[in-house]
Amino acid sequence: MSVAFLRKVVLLSLYAALAVSVSLFANEATSPWVIVILLMIGFVCWSFIEYGLHRFIFHYEAHSAFGKRFVYLVHIQHHDNPESKKKTSAILFLTGPISVAYWLMTWFITGSWVSALYLFLGMATGYFCYVWLHFQCHHGKSRLRVLRYLKKYHLLHHYQTPELRFGVTSPLCDLIFR
């Protein structure tokens, strides 16, 4: 297990501890079933965020020098060198603002800090699964059939059809938004 992976697990654990702590001390009574549903919704939200970013931002045909440089730094360099172990996940200056925007949006929609935290925790879990899975797609060997399928699916995006197959953790969004 790498140090970078352990750092991500620690960060996810901190998010989880924060969500549990806030829910324990908040004046809101949240049932375990509601918590599970919120976590699942947050997890599914990550698939849509991942797809939207990958399709509409990471593969955006920028015209300005700044736009071209931005797109290159956040994603195209990964396509130029897909075997690099350093460029398989989104960088902090991009994930930070997206995370804050997601949390604020869920807080605005639900009107509850506690619900927003559980939705955020589900989304963060989806993100960390994406980071792990994306790394596995490029550098791992799996015995699991589903992981071998996702690896093949993703590598087809890199080597044959970069204008298709934007979902890394799931091809579901690719099927929905053809």
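What you are looking at is a predicted structure, and each value in this text was computed from that prediction instead of being measured.

As a further point, take the nonpolar core. It is characteristic of soluble globular proteins that their nonpolar side chains tend to be buried jointly. Core analysis: the biggest nonpolar cluster contains 23 residues, and W46, I49, Y102, F120, M123, Y127 and Y130 have the highest contact counts within it. Of all the secondary-structure elements, those providing two or more residues to this core are α2 (32-57), α4 (92-110) and α5 (113-139). Top contributing element to this core by residue count: α5, with 12 residues. What M123 contacts, discounting residues up to four positions off in sequence, is G42, F43, W46, I49, S99 and Y102.

Its 16 residues give helix α3 (residues 65-80) an end-to-end C-alpha distance of only 18 Å, which falls more than 12% under 22 Å, the value for a rise of 1.5 Å per residue. Along α3, the largest kink reaches about 60 degrees and is centred on L73. Burial in α3 covers these residues: G67, V71, V74, H75, Q77, H78 and H79.

When you line up the elements, Y51 lands in helix α2. By relative accessible area, Y51 is classed as buried at 4%. Apart from residues no more than four positions distant in its own chain, Y51 is found in contact with F56, F166, G167, C173, D174 and F177.

Among the surface-exposed residues, V44, F48, L172, I176 and F177 lie close enough to one another that they form a single nonpolar patch of about 440 Å² accessible area. Going through the elements one at a time, α2 and α7 (172-176) are the ones with two or more residues in the nonpolar patch. For L172, a relative accessible area of 47% corresponds to the partly exposed category.

Once that is clear, we can look at the packing of α3 against helix α6 (residues 145-159). Following both chains from N to C, one finds α3 and α6 inclined at 95 degrees, their axes separated by 9 Å at the closest point. Accordingly, the angle class assigned to the pair α3 and α6 is roughly perpendicular. Seen from α3, the contacting residues are H75, H78 and H79; seen from α6, they are H154, H157 and H158. Residue composition of the contact of α3 with α6, by class: no nonpolar, 6 polar and no charged.

This part is about unusual backbone geometry. Peptide bonds are trans in most cases, and residues, glycine excluded, mostly fall at negative phi. One non-glycine residue with positive phi stands out, namely R165, at about 60 degrees. Its location among the elements puts R165 in the loop between α6 and α7. Overall, the relative accessible area of 23% leaves R165 in the partly exposed class.

The rules behind these values
- Residues numbered from 1 in each chain as written.
- Predicted model: local features only at pLDDT ≥ 70, side-chain atom pairs only at ≥ 80, totals over all residues.
- Heavy atoms only, no water.
- Core = buried A, V, L, I, M, F, W, Y, C linked by side-chain atoms within 4.5 Å.
- Buried < 20%, exposed > 50% of the residue type's maximum accessible area, 1.4 Å probe, protein only.
- Helix = DSSP H or I, 4+ residues; strand = E, 2+ residues; numbered from the N terminus.
- Contact = heavy atoms within 4.5 Å.
- Expected span 1.5 Å × (residues − 1).
- Bend = angle between axes of the 7 residues up to and from the residue.
- Patch = residues over 30% accessible without salt bridge, like charges linked within 9 Å, V, L, I, M, F, W, Y side chains within 5 Å.
- Areas by Shrake-Rupley, 256 points an atom, 1.4 Å probe, with all protein chains shown as cover.
- Salt bridge = Lys/Arg side-chain N within 4 Å of Asp/Glu carboxyl O.
- Axes fitted to C-alpha atoms, helices over the stretch in contact; angles between N-to-C directions.
- Parallel < 35°, antiparallel > 145°, perpendicular 65-115°, else oblique.
- Nonpolar A, V, L, I, M, F, W, Y, C, P; charged D, E, K, R; others polar.

Read these as spatial facts, not as claims about activity.
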